[in-house]
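Summary of the model geometry
If you want the building blocks of each chain, they are given just below.
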Amino acid sequence: MQSAAIPSQRTAGLVGLVGFLAMFAMASDGSAAALCPTFDVAVSFAAGDAPQSVAAADLNGDSIPDLVTANAIGDDVSVLLGNGDGSFPAAVAFSTGDSPRSVAVADLDDDSSPDLITANFFGGNVSVLRNNGDGSFGAAISFAAGSAPQSVAVADLDGDDAPDVVTANRFSGVVSVLRGNGDGSLQPAVSFAVGADPQSVAVADLDGDSVPDVVTANLDGGSVSVLLGNGDGSFQAAVSYAAGAGTFAVTAADLDGDAVLDLATANIDSDDVSVLLGNGDGSFQAAIPFDVGAAPFSVASGDLDGDDVLDVVTANLDVDDLSVLLG
């Protein structure tokens with residue numbers, strides 16, 4: 001792997017912070033962990049070398065959530081199969097492309113077992129690892145994406161019931177869409193321009209037309225870019241909205257209870273979260289900032305206190321903690 005600084009290596013313990021966000025996102029319907037805004041002392045589990053991203057899903061079909069991390073220096077993913085009591089056995093590593101920075105989980109080959117997809121920063125590609133059905137994975141198959149893919153998301157972007165892949169590519173200021181064939185393979189990437197230095201990508205129906213849209217968090221310029229979907233895997237020209245200094249991550253959720261999706265961003269340079277309320281047509285109101293801890297680099301939403309109102313939580317890189325903002 002090439003030698004270069006990993007953006008989120010200013011501190012250790014990434015799995016502990018982002019791992020909470022992954023499990024928190026799974027409980028955003030008010031079940032499981034989303035009961036009250038208090039937590040036990042953190043328990044850490046060894047993963048791989050420089051874990052940059054984590055996802056939670058049932059990878060082996062036992063109805064127990066498991067964890068997978070993307071390890072940027074190790075060039076692999078670590079799979080930790082859950083024991084059902086909140087503990088995990090030793091991680092098992094599976095090789096990916098060069099410097100995976102993000103991992104997503106989806107059934108790409110329609111066999112009812114979730115597969116893994118990584119965005120490989122130095123490789124300029126995504127790796128697909130097909131699930132054997134027991135939480136182990138076959139050899140990675142790579143598909144060209146773009147220059148420095150930093151983040152990956154999966155959704156059916158063209159309405160053919162086959163999951164597609166979208167990456168945020170830092171050095172080229174674009175997202176790449178790789179449409180799925182339904183057998184675990186992906187079509188050649190098609191690029192769509194966004195803001196400068198996109199760090200994070202998310203997919204959601206932002207304009208209420210039942211077609212997935214794409215939004216990116218753009219570090220350089222402190223903005224989000226919204227690309228409204230056409231329903232065939234293509235997108236309208238990006239519209240950008242100011243967010244905060246060093247916009248590093250973005251999530252979409254209905255934060256004001258009006259049945260319209262809003263955006264929340266983690267702004268790593270201004271130490272805050274910005275909320276952009278949605279208008280229902282894919283456009284957004286001016287950002288409203290809320291202070292959090294130092295250098296927030298990841299953000300998630302869910303009902304943490306059981307009041308049927310969504311809350312926001314960030315992982316804060318420079319102070320090794322989480323900030324919870326109750327809605």
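Read on for a plain summary of the structure. Given the structure is predicted, the values throughout are model-derived calculations rather than measurements. (Residues numbered from 1 in each chain as written. Predicted model: local features only at pLDDT ≥ 70, side-chain atom pairs only at ≥ 80, totals over all residues. Heavy atoms only, no water.)

**A look at the nonpolar core**
- Of all hydrophobic cores here, the largest spans 14 residues; its most connected members are L206, V215, V224, V226, V250, L263 and F284.
- Excluding anything up to four places from it in sequence, F284 contacts L206, V226, Y241, L261, D262, L263, L276, L277, G278 and N279. (Core = buried A, V, L, I, M, F, W, Y, C linked by side-chain atoms within 4.5 Å. Buried < 20%, exposed > 50% of the residue type's maximum accessible area, 1.4 Å probe, protein only. Contact = heavy atoms within 4.5 Å.)

**A look at the pairing of strand 2 (residues 66-71)**
- Among the six residues of strand 2, six are classified as buried, and the element is accordingly described as predominantly covered.
- Across the two faces of strand 2 the burial is the same, with D66, V68 and A70 and L67, T69 and N71 all buried.
- Bridging between strand 2 and strand 3 (residues 76-80) involves five bridges; their strand directions are antiparallel. Bridging from a neighbouring strand, V68 pairs with V79 of strand 3. (Helix = DSSP H or I, 4+ residues; strand = E, 2+ residues; numbered from the N terminus. Pairing = 2+ DSSP bridges.)

**Quick word on the sheet that holds strand 7 (residues 125-129)**
- Ordered by their spatial adjacency, four strands build an open sheet running 5-6-7-8, and the pairing between neighbours is antiparallel. The sheet is open, and its two edges are formed by strand 5 (100-106) and strand 8 (141-144), each paired on a single side. Here the strands of the sheet are splayed against their neighbours by 25° on average, with no regard to which way each runs.
- Bridge analysis of strand 7 against strand 8 gives four bridges, and the strand direction is antiparallel. Bridge pairing links S127 to S142 in strand 8. (Axes fitted to C-alpha atoms, helices over the stretch in contact; angles between N-to-C directions.)

**Notes on the pairing of strand 10 (residues 164-169)**
- Counting buried positions along strand 10 gives six out of six residues, so the element sits mostly inside the fold.
- In the sheet, strand 9 (residues 149-155) pairs with strand 10 via six bridges, with the strands oriented antiparallel. Within the sheet, the bridge partner assigned to P149 lies in strand 10 and is N169.
- The sheet contact formed by strand 10 and strand 11 (residues 174-178) spans five bridges and is antiparallel. Looking at the pairing, V165 lines up with L178 of strand 11.
- As consecutive antiparallel partners, strand 10 and strand 11 are separated by four residues, and within that stretch G173 has a phi angle of approximately 65°, a positive value.

**Topic: the sheet that holds strand 20 (residues 288-291)**
- Read across the open sheet, the four strands follow the order 17-18-19-20; overall the sheet is antiparallel. Each end of this open sheet is capped by a strand with a single partner; those strands are strand 17 (247-253) and strand 20. Going from strand to strand, the sheet's axes swing by 25° on average, the running direction of each strand aside.
- Relative to strand 18 (residues 262-267), strand 17 runs antiparallel, the two sharing six bridges. Residue A253 lies in a different strand from strand 18, and its bridge partner there is D262.

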